[in-house]
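Chain residues, written in single-letter form:
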Amino acid sequence: MRTFDLTPLYRTAIGIDRLASQLNAAETPTYPPYNVELVAEDKYRIVMALAGFDRSELDINTERDSLVITGRKQKDAVERTFLHRGIAARDFEQRFQLADHVKVTGAAFDNGMLTIDLVREVPEAFRPRKIAIDGVTNEAASNVTALEQKRDAA
């Protein structure tokens, strides 16, 4: 596994230490295969290929800031002898770390593909806002300047 030295980021970014430790500790499982898509500005979609699984063998849970998808394959009643086994169909647990304010809005399972829709809903209190310098914002300052210019012209 590769390791990255993220020390220079610690000097210029506040709060990056948590992100860096997650990146360094991340082990990405390769089964089952999945895609993470950006559908719209604040909408995401996770698509997992789950060949051989039935809807009843899947479980999706959210715990605080993580999404946990679990698949428990039921044992076949019939013993099979495989000459080649390319479809794994084994038990799995896949975890996704969700960013702040990301919520699961729905899930669907069709033709062996599990689709999970997510949306990021940032509360108004956490959205970017202008900070006034000396009690005057740039917009207010430009309005005052425009009014003073009108007064001087009159």
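Because the structure is a prediction, the values reported are computed rather than measured.

Some remarks on the overall build of the protein chain
- Secondary structure summary: the protein chain contains 3 helices and 7 strands in total.
- Moving toward the C terminus, one meets the helices and strands of the protein chain in the order α-α-β-β-β-β-β-β-β-α.
- In the protein chain, which comprises 154 residues, the share counted as buried stands at 20%.
- Relative to all contacts within the protein chain whose residues are 6 or more apart in sequence, the contacts with residues 24 or more apart total 49%.
- Surface summary for the protein chain: the accessible area is close to 12,400 Å², and the carbon and sulfur share equals 51%.

What about the side chain of threonine 70?
- Residue placement: threonine 70 occurs in strand E4 (residues 66–71).
- In this view, threonine 70 contacts Glu57, Leu58, Asp59, Phe92 and Glu93; residues no more than four positions away in its chain are not counted.

Points about the sheet that holds strand E3 (residues 58–63)
- The 3 strands lie next to each other as E3-E4-E5, forming an open sheet whose pairing is antiparallel. The open sheet is flanked by E3 and strand E5 (92–97), the only strands paired with a single partner. For this sheet, the mean angle separating the axes of adjacent strands, direction not counted, is 15°.
- Relative to E5, E4 runs antiparallel, the two being bridged by 6 bridges. Residue pairing in the sheet places leucine 67 in a bridge with phenylalanine 96 of E5.

What about the nonpolar core?
- Ile46, Met48, Leu50, Leu67, Ile69, Phe92 and Leu114 are the most contacted members of the largest nonpolar core, which has 16 residues in total.
- Listed by contribution, the elements that provide at least two residues to this core are strand E2 (43–49), E4, E5, strand E6 (102–110) and strand E7 (113–120).
- Apart from the residues within four sequence positions on either side, leucine 67 is in contact with Ile46, Ile60, Asn61, Thr62, Gln94, Arg95, Phe96, Leu98, Val104, Ile116 and Leu118.

Some remarks on the pattern of salt bridges
- This model, assessed by the stated rule, comprises 6 salt bridges.
- Residue aspartate 42 pairs with arginine 120 through a salt bridge whose shortest N-O separation is 3.8 Å. Here arginine 120 lies in strand E7 and aspartate 42 lies in the loop between strand E1 (34–40) and E2, a separation of 78 residues in the sequence.
- Look at aspartate 42 and you get partly exposed, because its relative accessible area is 27%.
- Note that glutamate 63 and arginine 95 form a salt bridge whose closest N and O atoms lie 3.9 Å from each other.

Reading the values: rules and limits
Residues numbered from 1 in each chain as written. Predicted model: local features only at pLDDT ≥ 70, side-chain atom pairs only at ≥ 80, totals over all residues. Heavy atoms only, no water. Helix = DSSP H or I, 4+ residues; strand = E, 2+ residues; numbered from the N terminus. Buried < 20%, exposed > 50% of the residue type's maximum accessible area, 1.4 Å probe, protein only. Contact = heavy atoms within 4.5 Å. Areas by Shrake-Rupley, 256 points an atom, 1.4 Å probe, with all protein chains shown as cover. Pairing = 2+ DSSP bridges. Axes fitted to C-alpha atoms, helices over the stretch in contact; angles between N-to-C directions. Core = buried A, V, L, I, M, F, W, Y, C linked by side-chain atoms within 4.5 Å. Salt bridge = Lys/Arg side-chain N within 4 Å of Asp/Glu carboxyl O.

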